[in-house]
Amino acid sequence: MKNNVWYRHSGPEGDVVISTRIRLARNLAKFPFPASMTGEQRAAVVELFQKTLAEHDPGVGTLRYLSMQNADPNEALAMVERHLISPDFARCEEGSGLFINADETVSMMINEEDHLRLQVMQSGMALDEAYALADRIDTQLDETLHFAFDDRLGYLTQCPTNLGTAMRASLMLHLPALQERGTLQRLTGTVSKLGMTIRGLYGEGSKSQGAMYQLSNQVTLGISEEAAIANLKSIAQQIIREEREARKLLYGHPQFVDRAWRSLGILRCARLLTHDEFLELISHVRVGVAVGCVQGPSLDDIGTLINTVQPAVLMQEAGRSMEPSERDEVRAAIVRQALA
Amino acid sequence: MVCQLCGKNAATTHFKKTVGGRTEEYYLCPVCASKQGIGSMWDGFGLDLGDFWGSLFAEPTRQKQDTVRCENCGHTFSEIARDGRVGCPQCYVTFYDRLLPSIQRIHGRTGHVGKAATQAGEQAQREQELEALRKQLAECLANQEYERCAELRDRIRALEGSGNEE
């Protein structure tokens, strides 16, 4: 496990906001969109990005290039689990690849749904900082590549749902108390009226495993980047406030304090841990640490652990494929050591 | 109630979508619903967005002859409508008028606000757009679609005007 990756440290509003992500979709005017490209065109697009990035260093540290065709399947899946690439992209073969910097804050998917998907990730609530970085890299690339743009429709994308700014800004939120109180259903309706979505990060349906939720802007046409980010920020602030108040109420009760400590106890002793069970328990511990009723691990320790014990990440670290039962054993051992 | 898509079977699925504060409702029969991928949502397979957006592009009342192809990538409008994916950036110019209603349905509005690309190739792009418009005009004239001809002429004039100002 690398020591310098962004998710090892919690960021602003870290008790509720786990991370920030900004993603920009860009295309080259001269080429068809990825779904309509020939193999030769795909290779030409990859080459063009390689050349441009080599000649105009975006200044985010060394960028490693990973051709999806040659990628180890476990490494590709581990990247999906760390939200660096999409599940579809992990299955991509010829003529698509990923540029990624050392601390994994900046990644660029080439020939996914669009020619370029530029992504910036940061710890905690850092929408302005993340957008500023994405904006700077985009502007620099645009000077050479001249991205497809129309005055009326904005940045042109393969799917019309991304037209306009082609920007998706997301916050990953830990909302155990709002989930516990059943407030999230109401929230889902409210945010959708404001052109945003909130959905569970792990698992399907309204209840998310580990109470992790992703709040993102949905509408990209007719609203500027700054306005979309300001909206997202103000909704997030309200959710954060409500989550903190709900935590205060819940964790005034001994049974919730007890549950947080018991969860830590199981994690410190278990010999087998499925990923689902781990997520549920670490969520109880995390909120206990955040409200200050549980002492021991820090939010940084917990964040690192969450990103270390996902199935494919485990296998990538081990350098081999493992059966689920073997993974559960390895996971339990890592967790025991981290929380000892 | 009769299904809004096929107009034959009884509608059993009520589907509601809210984007940007605009809510749209669909009443569909089981066959059409499953074709849109809506039936399968309850089976846990997720919504097939390709099909879904594809259906948004459909122009059920205007069965046009698909004579216009994008000059850059060769896509027709029905191909875009079928896949829910646009062929290339130029398609947005070629099929602007026909894509616009769907874009409005998706985003609740039209008209970009925000960052703009540098567009060093602006002149070249304008030329390309003019060429595409002139070709469409010729086809409309041949098909005697005079109302559309007038619209196209206005857009060509506007574009030519904006080029001369510089």
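Further up the page is the structure itself.
Residues numbered from 1 in each chain as written. Chains lettered and ligands numbered in written order. Predicted model: local features only at pLDDT ≥ 70, side-chain atom pairs only at ≥ 80, totals over all residues. Heavy atoms only, no water.

*Asks:* Could you give an account of the nonpolar core, naming the residues involved and the relevant values?
*Replies:* One finds Ile22, Met108 and Phe278 of chain A to be the most contacted residues of the largest nonpolar core, which totals 87 residues. Considering every element that reaches this core, the biggest residue donor is helix α7 (residues 225-250) of chain A, with nine residues. Formed by 19 residues, the second largest nonpolar core is a distinct cluster that contains Ile80, Ala81, Cys91 and Tyr96 of chain B. (Core = buried A, V, L, I, M, F, W, Y, C linked by side-chain atoms within 4.5 Å. Buried < 20%, exposed > 50% of the residue type's maximum accessible area, 1.4 Å probe, protein only. Helix = DSSP H or I, 4+ residues; strand = E, 2+ residues; numbered from the N terminus.)

*Asks:* Help me get a handle on the interface of chain B and chain A, residues and values and all.
*Replies:* With 37 residues of chain B in contact, the opposing surface of chain A contributes 44 residues. In this assembly, chain B packs against chain A so that about 3200 Å² is buried in total across both faces, 59% of it on carbon and sulfur atoms. By the criterion of area lost to chain A, the three top residues of chain B are Tyr92, His112 and Lys115 of chain B, representing 22% of everything that side buries. Where chain B touches chain A, the interface holds two salt bridges. Measuring nitrogen to oxygen at the nearest pair gives 2.5 Å for the salt bridge that ties Asp138 of chain A to Lys115 of chain B. Applying the counting rule to chain B against chain A returns 15 residue pairs in polar contact (both at pLDDT 80 or more). At the level of secondary structure, the elements contributing two or more residues to the side of chain B that touches chain A comprise β1 (13-19), α3 (49-57), α5 (91-94), α6 (96-107) and α7 (122-142) of chain B. Ranked by residue count, the leading element in the side of chain B that touches chain A is α6 of chain B, at five residues. Tallied by class, residues from the side of chain B that touches chain A come to 17 nonpolar, 15 polar and five charged. (Contact = heavy atoms within 4.5 Å. Buried area = accessible area lost by both parts, 1.4 Å probe. Salt bridge = Lys/Arg side-chain N within 4 Å of Asp/Glu carboxyl O. Polar contact = N/O pair within 3.5 Å; in protein donor to acceptor, adjacent residues only side chain to side chain. Nonpolar A, V, L, I, M, F, W, Y, C, P; charged D, E, K, R; others polar.)

*Asks:* So, the sheet that holds strand β10 (residues 212-217) of chain A: which residues are in play, and what are the values?
*Replies:* Residue and element names in this part refer to chain A. Taken in spatial order, the eight strands make up an open sheet running β2-β3-β4-β5-β1-β8-β10-β9, and their pairing is antiparallel. Two strands bound the open sheet, and with one partner strand each, they are β2 (63-67) and β9 (196-200). Neighbour-to-neighbour, the strand axes of this sheet turn through a mean angle of 20 degrees, independent of strand direction. Examined bridge by bridge, strand β1 (residues 17-26) and strand β8 (residues 167-174) share seven bridges and lie antiparallel to one another. Within β8, the position partnered with Val17 by the bridge is Leu173. This element, helix α1 (residues 39-55), spans β2, β3 (97-101), β4 (106-110) and β5 (116-123) of the sheet and lies at about 150 degrees to β4. With respect to the sheet, helix α6 (residues 184-193) is in contact with β9 and β10, its orientation differing from that of β9 by roughly 150 degrees. (Pairing = 2+ DSSP bridges. Axes fitted to C-alpha atoms, helices over the stretch in contact; angles between N-to-C directions.)

*Asks:* Let's hear about the environment of Leu127 of chain A: which residues, and what values?
*Replies:* The topology assignment puts Leu127 of chain A in helix α4 (residues 127-145). Between the C-alpha atoms of Leu127 of chain A and Ile22 of chain A, which are 105 residues apart in sequence, the distance is 7.5 Å.

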